[in-house]
Amino acid sequence: MKPTKPFWVLLVFCIVGIMLVGCGTKQPSWDIFEGALNEKSFPVPKEANSPDRTTTNVAMDYVRYSLPGLKEKDSIPEPYLNTIKEWGWVEQDEEDKTGSRVFQKDGLTVHLSVHDDYFIVMVPKEKKTSVKSLGGK
């Protein structure tokens, strides 16, 4: 019966190893994007989850997205920043490279705030609706 003991030890070791690898923090891939819930023309990684959309703020319409592996100290990852620019958004006040950044496109403004394992997309409510001319003289 002694040969079965090493088998069981090895089996338990393999199971624990698989659990540790499977439960580790996965880095975002930054491959596929979709429009944000509060501003469809602003890209958000498809793998980001939005558990809540808060509309109680009178000044901002904001959505919190959870994205494991995101770090506030790293700010916006370069692939995500490149995608934002590819979608036509221009960063404002580029000297400030902290976790909160402001982008503009077609008269719209979006604030992007990065934190550990989540980020927030905020749209000022008064700027969200754009005023279009009816072609008056």
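Structure shown above.
This write-up is about the structure you can find in this document. (Residues numbered from 1 in each chain as written. Predicted model: local features only at pLDDT ≥ 70, side-chain atom pairs only at ≥ 80, totals over all residues. Heavy atoms only, no water.)

This brings us to helix α2 (residues 78-86). Buried within α2 we find Tyr80, Leu81, Thr83 and Ile84. All buried residues of α2 project into a common sector of 160 degrees when viewed along the axis, lining one side. Residues of α2 that are buried make contact with β1 (33-35), β2 (43-45), β5 (90-92), β6 (100-105), β7 (108-115) and β8 (118-124). Directly beyond the C-terminal end of α2, a positive phi value near 100 degrees is found at Gly88. (Buried < 20%, exposed > 50% of the residue type's maximum accessible area, 1.4 Å probe, protein only. Helix = DSSP H or I, 4+ residues; strand = E, 2+ residues; numbered from the N terminus. Arc of directions from axis to C-beta. Contact = heavy atoms within 4.5 Å.)

Turning next to the pattern of salt bridges. One pass over the full model with this rule turns up 3 salt bridges. In this structure, the salt-bridge partner of Glu34 is Lys46, at a minimum N-O distance of 3.3 Å. With Glu34 in strand β1 and Lys46 in the loop between β2 and β3 (49-54), the pair connects residues that are 12 residues apart, well separated along the chain. Overall, the relative accessible area of 32% leaves Glu34 in the partly exposed class. Two residues, Glu91 and Arg101, come together in a salt bridge whose shortest N-O distance is 2.3 Å. Of this pair, Glu91 sits in strand β5 while Arg101 sits in strand β6, placing them 10 residues apart in sequence. Of the residues examined, Arg101 reaches a relative accessible area of 5% and is grouped as buried. (Salt bridge = Lys/Arg side-chain N within 4 Å of Asp/Glu carboxyl O.)

Nonpolar side chains collect at one region of the surface, where Phe7, Trp8, Leu11 and Ile15 lie side by side and expose about 410 Å² of accessible area between them. Along the polypeptide, Trp8 turns up in helix α1 (residues 4-22). (Patch = residues over 30% accessible without salt bridge, like charges linked within 9 Å, V, L, I, M, F, W, Y side chains within 5 Å. Areas by Shrake-Rupley, 256 points an atom, 1.4 Å probe, with all protein chains shown as cover.)

Turning to the nonpolar core, a few remarks are in order. Counting residues in each nonpolar core, the largest one holds 23 residues, and the members touching the most others are Phe42, Tyr80, Leu112, Phe119 and Val121. Looking at this core, the elements with two or more residues in it are β4 (60-66), α2, β7 and β8. The greatest single-element share of this core, amounting to 4 residues, is contributed by β7. Not counting residues within four places of it along the chain, the set of residues in contact with Val121 comprises Ala36, Asn38, Phe42, Val44, Asp61, Tyr62, Val63, Tyr65, Val110, His111 and Leu112. (Core = buried A, V, L, I, M, F, W, Y, C linked by side-chain atoms within 4.5 Å.)

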